[in-house]
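# Working through the structure, step by step
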Amino acid sequence: MGETDDKSAAPLWGGRFEASPDEAFERLNASIPFDVRLAPHDVRGSIAHAKMLGRQGIVSEQESDELVRGLEAVLGEVEAGEFSWTLADEDVHTAVERRLREVVGGVALKLHTGRSRNDQVALDLHLFVREAADGIRGGVLAAMRALLEVAEANRDVVLPGYTHLQRAQPILLSHHLLAHFWAFERDLRRLEAAREAANRSPLGAAALGGTPHPIDPAFTARELGMQPPVNSLDAVSDRDFALDLLYACSVLGVHLSRMGEEWVLWTSAEFGFAVLDDAYSSGSSIMPQKKNPDAYELMRGKAGRLIGNLNALLITLKGLPLGYSKDLQEDKEPIFDAVDAVVPMLAVLPEMLRTARFDGERMRRAAGGFALATELADYLAARGVPFRDAHHAVGRLVRRCEELSVSLEEVPDDELAAAHPALAEFPRGLLTPEGSVSNKKSGGSTSPGSVEEQLREAGRLLDG
Ligand code: ARG
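Let me sum up the structure you'll find in this document.

So, on to the overall build of the chain. Looking only at helices and strands, one finds 18 helices and six strands in the chain. Against the globule reference of 23 Å for 464 residues, the chain gives a C-alpha radius of gyration of 30 Å, more extended than a compact globule. For the C-alpha atoms alone, the extent of the chain along its principal axes is close to 100 × 50 × 40 Å. Taken over 464 residues, the chain has a buried fraction of 50%. Of all intrachain contacts in the chain linking residues separated by at least 6 positions in sequence, the fraction that spans at least 24 positions is 77%. Computed over 50 positive and 71 negative side-chain charges, the inter-centroid distance for the chain is 3 Å.

This next bit is on unusual backbone geometry. Outside of glycine, negative phi angles account for most residues, and trans bonds account for most peptide bonds. At H164, a position not held by glycine, the phi torsion is positive, near 55 degrees. Judged by relative accessible area, which is 75%, H164 ranks as exposed. Located in the positive-phi region is A206, a residue other than glycine, with phi close to 55 degrees. Following the sequence through the fold, A206 ends up in the loop between α7 (173-198) and α8 (217-223). Classification of A206 by relative accessible area gives buried; the value is 7%.

Attention now goes to the pairing of strand β4 (residues 166-172). Of the pairings in the sheet, the one linking strand β3 (residues 158-163) to β4 comprises six bridges and is antiparallel in character. Bridged to G161 within β4 is Q169.

Where helix α13 (residues 360-367) is concerned, the buried positions are M363, A366 and A367. For α13, the arc enclosing every buried residue in end-on projection is 100 degrees, short of the 170-degree limit, so these residues lie on one face. Looking at the buried side of α13, the elements it contacts are β3, β4, α7, β6 (357-358) and α17 (433-438).

Another point: the pattern of salt bridges. This structure, assessed with the given rule, holds 29 salt bridges. Here E261 and R300 are joined by a salt bridge, their closest N and O atoms 2.5 Å apart. Here R300 lies in helix α11 (residues 294-318) and E261 lies in helix α10 (residues 240-266), a separation of 39 residues in the sequence. Judged by its relative accessible area of 31%, E261 is partly exposed.

Cut-off values and rules
- Residues numbered from 1 in each chain as written.
- Predicted model: local features only at pLDDT ≥ 70, side-chain atom pairs only at ≥ 80, totals over all residues.
- Heavy atoms only, no water.
- Helix = DSSP H or I, 4+ residues; strand = E, 2+ residues; numbered from the N terminus.
- Rg over C-alpha atoms; globule rule 2.2 N^0.38 Å.
- Buried < 20%, exposed > 50% of the residue type's maximum accessible area, 1.4 Å probe, protein only.
- Contact = heavy atoms within 4.5 Å.
- Lys, Arg positive; Asp, Glu negative; His and termini not counted.
- Charge placed at Lys NZ, Arg CZ, Asp CG, Glu CD.
- Pairing = 2+ DSSP bridges.
- Arc of directions from axis to C-beta.
- Salt bridge = Lys/Arg side-chain N within 4 Å of Asp/Glu carboxyl O.

Written out as structure tokens, the structure reads:
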């Protein structure tokens, strides 16, 4: 699809005007350079409308057939990338109608009966958002599948869980990966909500108050697999469905960003927990040793523009009275930009996860030492020592270990007993990353048994 310099197209609204638009105004006013992306949806909406006009006797059956055939030809051009437009087309709706007229002649002038660009543009955007929500949902599911596979393949790997980015307690790598899985699962719900909100056709609202023509909005809605409009004024004013998508993309973007931040850390020499496959890293133009986690950095970086896009549309909408205002033309680019940010990240993530290698030994080493201190406190508390006292005693022991320059695993028995008499019989097996994770009993914990349950539930979710 490209721009041509054919200036023959006249504005749809030309009758009222003596002079043609100033060129600078035309450039400001035109949405065709970006809304041409809605062309397939615009044509499909028009096909449903043209069929309805024929069924309702608003145009003859033959005229309806001609319109549908012509629109199908235009759709073919759009899909083949052969559809061309000029700035004088102003927007995608005008461009499609102009082309239809070139293809089928004067009958094209009847297509807009009982319709306004206000319900038409709203419909196009509903269709775009519905399709985008489905596409992104598919991408999130693919990422979830990869997380599950990697979690299943790394059942025995332990690493530290962090608070304040300080080593806190050992957890299973599979538990960590599944934490991201469940966050994505909530993203699915948000995307489904956006899809449902988008799945109501505004067609039939016309400019804002309906139309005297005997149209059948329920038919056009059905043709497009949508619900019919309930209130014509709401139908042309509502952009909540677009906000829902932008919100879903923003939260998803924040999830991707948090994961990105972790992988940037994990792949640093300082952590050394994981190595990305060459296919998903880039080098430096000056430092030959560098292998950079660009994709994860971009996942972190794109969250900002996703949140910005949501803000942009919220702010556009907040001052608008009901009914169409040209401000609404500003709704499209943030939506397109959000989709264009999210889709490529989701295209990369699954294979990038599958092909990464983990350094299980290094992770395990980082998960030992003082990250095991809570085990000692919990052991004492289970033997009736008030938890606060237990916490204090183990805190003192940690300080003592620092004085002796030994790790908790190496602390001599007499030091254990000196910290608290009840620690005299402490089972040493608990003072290992594996012992610690296995000792967790609460539902949803990082214990191997609980993680197995999670893996099964995650598998059911993806299969079901
Ligand atoms: N290009 C316009 C938009 O994107 C289409 C609707 C124009 N409607 C109107 N009444 N001027 O919002």
